[in-house]
Amino acid sequence: LPAGEVVAVYQDVTAERLATEALRESEQRFRTLTQLAPVGIYLTDINGRCTYVNESWCRMAGMTLDQALGDGWLASIHPDDRERIAQEWERMAKARSAWNNEYRFKSPSGKETWVHGIASPLPADTGQIAGYIGINVDITDSKLAEAHRQRIEESLAHSQRLETVGRLAGGVAHDLNNMLMPILGYAEILSDALPEGSDKRAQADKIVKVSQGARDIVQQLLAFARKQHMVLTSLDLNRMLREFEEILRRTLRENIVVDFKLADPLGQIEGDAVQIEQIILNLALNAQDAMPTGGTLTVATGIANIDKHHANLHPGASIGPNIMLDVSDTGTGMEVETLRRIFDPFFTTKELGQGTGLGLASVHGIVLQLGGHIVVTSAVGQGTTFRIYFPLSNKLPHPP
């Protein structure tokens with residue numbers, strides 16, 4: 001070849017080699033940057049199948065590189081969010097515009113990760129869409145913090161609502177009590193003064209019986225309002241439960257199995273024995289109603305250490321070691337909406353005339369008046385557990 005043509009060929013080869021080298025270096029920089037990026041980055045074809053994902057994306061989705069490239073981007077999304085995101089993706093494709101959404105990844109192992117996703121179409125030289133590029137940012141921690149804050153706010157609002165209702169109930173109960181005592185007293189005097197077996201004696205006895213029922217309701221209202229007179233002493237909860245066990249067994253139906261699981265040593269609490277027995281009896285009768293065909297009632301005790309996280313979720317909780325009293329059943333359980341209202345006064349799921357709706361409300365009030373707090377867990381068909389926490393008594397040594 002003539003010298004000029006040789007030089008031209010050499011220059012073409014050199015230019016091609018330099019272009020290839022520049023392209024290789026550009027691709028290397030792209031892969032280095034994307035692989036080191038703290039956010040998930042992915043590329044898909046026109047059908048949404050992943051053609052590239054970085055390590056952060058694989059970590060968020062809980063997938064290997066082969067799984068990510070084989071199953072496609074949409075398969076990584078939580079089933080509950082998948083349809084919504086697929087529809088949003090289709091709208092983006094039609095509009096050829098960017099989008100951003102929050103959704104969850106669900107890995108093959110079941111782990112869920114909240115992400116904020118941003119995606120845009122990639123135009124081809126022909127003007128058509130060649131695929132899509134997307135970025136995912138892990139927002140799981142912020143989502144958990146938001147959910148935690150919401151639970152605290154809901155718990156505080158519920159506590160404040162019960163406090164307001166309690167003040168009202170306490171005032172009403174005192175006024176009712178002041179009116180009932182003379183009625184009951186005069187009815188008893190009248191009954192004693194009338195001949196045994198007379199119609200008037202029977203009528204007076206009915207007044208006494210109705211007045212006593214009204215007095216019991218007033219006492220439950222006072223318990224809910226935390227205005228009962230209590231005699232606080234240092235109590236051994238295990239010992240009290242053992243003494244109350246036989247009464248409890250005789251009170252419940254024969255098809256209810258009562259199982260006591262008491263942890264020793266337990267320590268002591270500051271409490272009123274009569275009121276704590278009332279708590280157990282109310283919870284046991286409530287559990288019996290939830291097991292119409294029979295079941296197991298379990299009463300257990302133990303030591304629980306309340307931390308700041310638990311205390312934030314349950315206003316009034318005492319941080320540190322607490323004595324725990326569990327009353328659980330194998331009954332029908334409760335729906336979420338019922339669970340939210342069980343301590344509201346006069347709320348009941350029973351038929352008209354079958355209950356006042358004050359049993360659990362009074363339990364809640366007694367527990368709070370004793371400086372404790374109560375947590376309830378339940379699910380339909382899986383029974384219910386009432387877990388009560390009492391601060392350890394400061395007057396006696398704590399258990400080891």
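Scope of this entry: the structure provided in the associated data block. (Residues numbered from 1 in each chain as written. Predicted model: local features only at pLDDT ≥ 70, side-chain atom pairs only at ≥ 80, totals over all residues. Heavy atoms only, no water.)

**Some words on the overall build of the protein chain**
Stage number 1. Broken down by element type, the protein chain carries 11 helices and 12 strands.
Stage number 2. Buried residues in the protein chain amount to 39% of all 400 residues.
Stage number 3. Contacts spanning at least 24 positions in sequence make up 63% of the contacts within the protein chain whose residues lie at least 6 apart.
Stage number 4. As displayed, the protein chain has an accessible area near 22,900 Å², and 55% of this comes from carbon and sulfur atoms. (Helix = DSSP H or I, 4+ residues; strand = E, 2+ residues; numbered from the N terminus. Buried < 20%, exposed > 50% of the residue type's maximum accessible area, 1.4 Å probe, protein only. Contact = heavy atoms within 4.5 Å. Areas by Shrake-Rupley, 256 points an atom, 1.4 Å probe, with all protein chains shown as cover.)

**Some thoughts on helix α8 (residues 273-289)**
Stage number 1. Its 17 residues place the ends of α8 24 Å apart at the C-alpha level, agreeing with the 24 Å of an ideal helix rising 1.5 Å per residue.
Stage number 2. Looking only at α8, the buried set comprises Gln275, Ile276, Ile279, Ile280, Asn282, Leu283, Ala284, Ala287 and Gln288. (Expected span 1.5 Å × (residues − 1).)

**A word on the side chain of Thr298**
Stage number 1. Within the fold, Thr298 resides in strand β9 (residues 295-306).
Stage number 2. Beyond its immediate stretch of four places on either side in the chain, Thr298 contacts Asp259, Lys261, Asp326, Val327 and Ser328.

**Section: the sheet that holds strand β7 (residues 256-261)**
Stage number 1. On the basis of which strands lie adjacent, the open sheet formed by five strands has the order β7-β9-β10-β12-β11 and mixed pairing. The open sheet has two free edges, formed respectively by β7 and β11 (373-378), since each of these has just one partner strand. In this sheet, neighbouring strand axes are inclined to one another by 20° on average, regardless of whether the strands run parallel or antiparallel.
Stage number 2. Inspection of the sheet shows strand β10 (residues 320-329) paired to strand β12 (residues 384-391) by eight bridges, in the antiparallel sense. (Pairing = 2+ DSSP bridges. Axes fitted to C-alpha atoms, helices over the stretch in contact; angles between N-to-C directions.)

**Quick look at the nonpolar core**
Stage number 1. In this structure, Leu248, Leu297 and Leu325 are the most contacted members of the largest nonpolar core, which totals 38 residues.
Stage number 2. Broken down by element, this core gets its largest block of residues, six residues, from α8.
Stage number 3. Here Leu248 is in contact with Val258, Phe260, Ile280, Leu281, Ala284, Leu297 and Val299, once residues within four sequence places are set aside.
Stage number 4. Counting 21 residues, the second-largest nonpolar core is a separate cluster that includes Ala68, Met92, Val115 and Tyr132. (Core = buried A, V, L, I, M, F, W, Y, C linked by side-chain atoms within 4.5 Å.)

**Thoughts on the packing of aromatic side chains**
Ring pairs (aromatic) are described by centroid distance and by the angle formed between their planes.
Stage number 1. Going through the model one piece at a time under the given rule, you end up with six aromatic pairs.
Stage number 2. An angle of 70° between the planes, with centres 5.4 Å apart, marks the rings of Trp57 and Phe105 as edge-to-face. On the criterion of sequence distance, the pair formed by Trp57 in helix α2 (residues 55-61) and Phe105 in strand β3 (residues 99-106) is long-range, its members being 48 residues apart. For the pair formed by Trp57 and Phe105, the shared burial category is buried.
Stage number 3. Their ring planes at 85° and their centres at 6.0 Å tell us that Tyr103 and Phe105 sit as a pair that is edge-to-face. Across the pair, Phe105 and Tyr103 agree in class, each one buried.
Stage number 4. Every member of this aromatic cluster is reached through a ring pair, and the members are Tyr42, Trp57, Trp89, Trp99, Tyr103, Phe105 and Tyr132.
Stage number 5. Above the plane of the ring of Trp114 lies Lys143, whose end atom (NZ or CZ) is 4.5 Å from the centre. (Phe/Tyr/Trp six-rings, centres within 6.5 Å; stacked < 30°, edge-to-face > 60°. Lys NZ or Arg CZ within 6 Å of the ring centre and 35° of its normal.)

**A word on the sheet that holds strand β5 (residues 129-138)**
Stage number 1. The strand order across the open sheet formed by five strands is β2-β1-β5-β4-β3, and the pairing between neighbours is antiparallel. Two strands in the sheet have a free side with no partner beyond their single neighbour: β2 (50-53) and β3. Each strand of the sheet is rotated relative to its neighbour by a mean of 30°, with strand direction disregarded.
Stage number 2. Taken together, the eight bridges between β3 and strand β4 (residues 112-123) define a ladder with antiparallel strand orientation. Bridge pairing in β4 links Arg104 to Trp114.
Stage number 3. Running over the sheet, helix α4 (residues 79-95) touches β1 (40-45), β3, β4 and β5 and is turned about 150° from β3.

**Considering the environment of Pro123**
Stage number 1. If you trace the backbone, Pro123 turns up in strand β4.
Stage number 2. Judged by its relative accessible area of 66%, Pro123 falls in the exposed class.

**Quick notes on the pairing of β2**
Stage number 1. Of the pairings in the sheet, the one linking β1 to β2 comprises three bridges and is antiparallel in character. From the neighbouring strand, Leu43 faces β2, where its bridge partner is Tyr52.
Stage number 2. Linking β1 back to β2 in an antiparallel pair, the connection comprises four residues, with Gly48 at a positive phi of about 85°.

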